[in-house]
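Residue-level listing of the chains:
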Amino acid sequence: VQLQAFGGGPVQSGGFLRLSCVNSGRPSRRKVMGWFRQAPGKEREFVAAILLSGGTTDYANSVKGRFTISKTSDKNTVYLQMNSLKPEGTAVHYCAADDTLIRSSWSNPAQYNYWGQGALVTVSS
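As the structure is a prediction and not an experimental result, all values here were calculated from the model.

1. A word on the overall build of the protein chain
Stage number 1. The helix and strand inventory of the protein chain stands at 0 helices and 11 strands.
Stage number 2. Sequence-ordered secondary structure for the protein chain, helices as α and strands as β, is β-β-β-β-β-β-β-β-β-β-β.
Stage number 3. Computed over the C-alpha atoms, the radius of gyration of the protein chain is 13 Å, within 12% of the 14 Å expected from 2.2 N^0.38 for a compact globule of 125 residues.
Stage number 4. With the principal axes as the frame, the protein chain shows a C-alpha extent of 40 × 25 × 25 Å.
Stage number 5. Evaluated residue by residue, the protein chain yields a buried proportion of 46% over its 125 residues.
Stage number 6. Within the protein chain, contacts between residues at least 6 apart in sequence are counted, and of these 56% link residues at least 24 apart.
Stage number 7. When the accessible area of the protein chain is evaluated, it comes to approximately 6,300 Å², of which 46% is carbon and sulfur surface.
Stage number 8. Where the 14 positive side-chain charges of the protein chain centre and where its 7 negative ones centre are 4 Å apart.

Okay, here's the thing in structure tokens:
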């Protein structure tokens, strides 16, 4: 499985970015894809996840109303639209995928089997 994240970069506080995650390895077998982020010196934390068949989504409370996760109809690509970015959002953002996770496990990074390489988002105040 190959996951590649794109779209990171610098942005000012209050600005927006869109991250993309391309799944080039058997996308038809993936059940759920998620986004996580890890700030320097902190643990990896859940941001958002989407069920690839059906489109059910979940978000961390810290990003609800500001971020939107979406997917293409062929399930090859998942997007994370990030609006009203805050300096505390500076982190490496990772996309992840799994074939079997139930919804109660979507926010647990240890449960995902496949990971992309990460995209750095830097939010300046």
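2. Regarding the nonpolar core
Stage number 1. Of all hydrophobic cores here, the largest spans 35 residues; its most connected members are Trp35, Ile69, Leu80, Met82 and Tyr112.
Stage number 2. At the level of elements, strand E1 (3-6), strand E3 (17-23), strand E4 (32-38), strand E5 (45-51), strand E7 (67-71), strand E8 (77-82), strand E9 (91-98) and strand E11 (119-124) are the ones that each hand at least two residues to this core.
Stage number 3. Excluding its chain neighbours within four sequence positions, the residues that come into contact with Met82 are Gly15, Phe16, Leu17, Leu19, Arg66, Phe67, His93 and Val121.

3. Some words on the packing of aromatic side chains
Stage number 1. Counting across every chain of the model gives 5 aromatic pairs.
Stage number 2. When the centroid spacing of 5.7 Å and the interplanar angle of 70° are considered together, the rings of Phe36 and Phe46 count as edge-to-face. Placement of the pair is Phe36 in strand E4 and Phe46 in strand E5, with a sequence separation of 10 residues. For the residue pair Phe36 and Phe46, the accessibility class agrees, reading buried in each case.
Stage number 3. The ring centre of Tyr94 lies 3.8 Å from the NZ or CZ of Arg44, which sits over that ring.
Stage number 4. If you follow Arg44 out to its NZ or CZ, it ends over the ring of Trp115, 4.7 Å from the centre.

Conventions used here
- Residues numbered from 1 in each chain as written.
- Predicted model: local features only at pLDDT ≥ 70, side-chain atom pairs only at ≥ 80, totals over all residues.
- Heavy atoms only, no water.
- Helix = DSSP H or I, 4+ residues; strand = E, 2+ residues; numbered from the N terminus.
- Rg over C-alpha atoms; globule rule 2.2 N^0.38 Å.
- Buried < 20%, exposed > 50% of the residue type's maximum accessible area, 1.4 Å probe, protein only.
- Contact = heavy atoms within 4.5 Å.
- Areas by Shrake-Rupley, 256 points an atom, 1.4 Å probe, with all protein chains shown as cover.
- Lys, Arg positive; Asp, Glu negative; His and termini not counted.
- Charge placed at Lys NZ, Arg CZ, Asp CG, Glu CD.
- Core = buried A, V, L, I, M, F, W, Y, C linked by side-chain atoms within 4.5 Å.
- Phe/Tyr/Trp six-rings, centres within 6.5 Å; stacked < 30°, edge-to-face > 60°.
- Lys NZ or Arg CZ within 6 Å of the ring centre and 35° of its normal.

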